[in-house]
Amino acid sequence: MPVLSPPELERALSLLRAGEAIGLPTETVYGLAADALRPEATARIFAIKGRPTNHPLILHLADASWLDDYVADVPERARRLADAFWPGPLTLLLKRGERVPTTATGGLDTVAVRVPNHPIALEVLRAYGRPLAAPSANRFGSVSPTTREHVVADLGSDVPLVLDGGACAIGLESTIVDLTRESPRLVRPGGISAIELERVLGEAVLPADGTE
Ligand code: AMP
Ligand code: MG
């Protein structure tokens, strides 16, 4: 069911098409969203946040059917976790597909992907039809925003549009699990625990090593 008014959705899409970054609610925190496949668009994210460009971004997808378009050699483990937890606060670290520029991945040959569980984020992703990079919509080093007002207070006129989805349901960043190695490894703890991942995978998930 559409949740944005047609003019609101059209404005969001035209800004994204123009390479702009917009504020977008997700179930975890508000994201600063831009076209992940266009270097000039992700450059806006890095500039507005003041974030180092070697710090990789998470790509937001509309659903798991997009995995094969942006990930190389999607492993069975990824499909099982996607089935169980998407849309939701789980980010999968996988091999970068050719269509994803390294400007979105901090120069790495891996790519982080997730499907957010928020009706506005999903509506924009489906209508836009391309992955959006969307790190938290705050200046580098500030607290991640969980309301539209937080985003506007921190980023002000640097962001031409902040869609309003009310307060975020989770308010905590997504769990990140690395599936590029022999064993799954937690990169960042979050809303979904290692035990829940292990239950679905039927194997151990190595703990975060503290380098994230
Ligand atoms: P956020 O700033 O919350 O959007 O999350 C970005 C985090 O995702 C980074 O700090 C990394 O920990 C992780 N991440 C994203 N892409 C990659 C990648 N290609 N390799 C390793 N970690 C990644
Ligand atoms: Mg943050």
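Relevant structure appears above.
Okay, so let's go over this structure. (Residues numbered from 1 in each chain as written. Chains lettered and ligands numbered in written order. Predicted model: local features only at pLDDT ≥ 70, side-chain atom pairs only at ≥ 80, totals over all residues. Heavy atoms only, no water.)

With that settled, the discussion passes to the overall build of the chain. Scanning the chain from N- to C-terminus turns up 7 helices and 9 strands. Here the C-alpha coordinates of the chain stretch approximately 45 × 35 × 30 Å along the principal axes. Per-residue burial over the chain gives 50% buried out of 212 residues. When contacts within the chain are restricted to residue pairs at least 6 apart in sequence, those whose partners lie at least 24 apart make up 64%. Total accessible area computed for the chain in this model is approximately 9300 Å², and 52% of it derives from carbon and sulfur atoms. Taking the average location of the 21 positive side-chain charges in the chain and that of its 27 negative ones, the two points are 2 Å from each other. (Helix = DSSP H or I, 4+ residues; strand = E, 2+ residues; numbered from the N terminus. Buried < 20%, exposed > 50% of the residue type's maximum accessible area, 1.4 Å probe, protein only. Contact = heavy atoms within 4.5 Å. Areas by Shrake-Rupley, 256 points an atom, 1.4 Å probe, with all protein chains shown as cover. Lys, Arg positive; Asp, Glu negative; His and termini not counted. Charge placed at Lys NZ, Arg CZ, Asp CG, Glu CD.)

Taken N-terminus to C-terminus, the directions of helix 1 (residues 6–17) and helix 5 (residues 119–128) make an angle of 60°; their axes are 10 Å apart at the nearest point. In terms of their interaxial angle, helix 1 and helix 5 are classed as oblique. Crossing angle aside, the handedness with which helix 1 passes helix 5 is right-handed. In contact with Leu9, Leu13, Leu16 and Arg17 of helix 1, helix 5 contributes Glu123, Val124, Ala127 and Tyr128. Along the lines of polarity and charge, the residues of the contact of helix 1 with helix 5 split into 6 nonpolar, no polar and 2 charged. (Axes fitted to C-alpha atoms, helices over the stretch in contact; angles between N-to-C directions. Parallel < 35°, antiparallel > 145°, perpendicular 65-115°, else oblique. Left-handed = near helix turned anticlockwise from the far one by under 90°. Nonpolar A, V, L, I, M, F, W, Y, C, P; charged D, E, K, R; others polar.)

As a further point, take the nonpolar core. Counting residues in hydrophobic clusters, the biggest one holds 65 residues, and the most contacted among them are Leu67, Leu81, Leu90, Leu92, Val113, Leu163 and Leu197. Ignoring sequence-local partners within four residues, the contact set of Leu163 consists of Leu4, Glu8, Ala12, Ile22, Gly23, Leu24, Pro25, Tyr30, Ile120, Val124 and Arg148. If you look at the next biggest cluster of nonpolar residues, it comprises 5 residues, including Leu93, Ala112, Ile176 and Val187. (Core = buried A, V, L, I, M, F, W, Y, C linked by side-chain atoms within 4.5 Å.)

Our next topic: the pairing of strand 1 (residues 22–25). Burial of the side chains of strand 1 extends over both faces: Ile22 and Leu24 are buried on one face and Gly23 and Pro25 on the other. Where strand 1 meets strand 2 (residues 30–35), 4 bridges bridge the pair, whose relative direction is antiparallel. Residue pairing for strand 2: Pro25 is matched across the bridge by Tyr30. (Pairing = 2+ DSSP bridges.)

In this structure, Thr147 sits in the loop between strand 7 (132–133) and helix 6 (148–155). Judged by relative accessible area, which is 18%, Thr147 ranks as buried. Within the structure, Thr147 has its side chain in polar contact with the backbone nitrogen of His150 (distance 3.1 Å). If sequence neighbours within four positions are ignored, Thr147 has contacts with Tyr30, Gly166 and Ala167. (Polar contact = N/O pair within 3.5 Å; in protein donor to acceptor, adjacent residues only side chain to side chain.)

Before going further, it helps to spend a moment on the environment of Pro184. Structurally, Pro184 is set in the loop between strand 8 (175–178) and strand 9 (185–188). Each C-alpha atom of the pair Pro184 and Ala104 lies 23 Å from the other, and the pair is 80 residues apart in sequence. Excluding anything up to four places from it in sequence, Pro184 contacts Arg77, Val177, Asp178, Leu179, Leu201, Glu203, Ala204, Val205 and Leu206.

A separate point is the side chain of Ser136. With respect to the helices, strands and loops of the structure, Ser136 is situated in the loop between strand 7 and helix 6. A polar contact of 2.6 Å, which involves the side chain of Ser136, links it to the side chain of Asn138. Reaching out from Ser136, the side chain makes a polar contact with the side chain of Ser144 at a distance of 3.4 Å. Contacts of Ser136, omitting those with residues within four sequence positions, involve Val29, Tyr30, Gly31, Leu32, Lys49, Ser144, Pro145 and Glu173.

Consecutive side chains along a regular strand alternate between the two faces of the sheet. Burial runs high along strand 5 (residues 90–96): 6 of the 7 residues are buried. Bridge count for strand 4 (residues 71–72) against strand 5 is 2 bridges, and the pairing is antiparallel. Looking at strand 5, one finds that Val71 is bridged to Arg96. Judged from the 4 bridges that link them, strand 5 and strand 6 (residues 110–114) form a sheet pairing that is antiparallel. Of the residues in strand 6, the one forming a bridge with Leu92 is Val113.

We now examine the environment of Ala78. Looking at the element boundaries, Ala78 is found in helix 4 (residues 76–85). Residues Ala78 and Tyr128 lie 50 residues apart in sequence; the distance between their C-alpha atoms is 24 Å.

Scope: geometric values only; no functional claims are made or implied.
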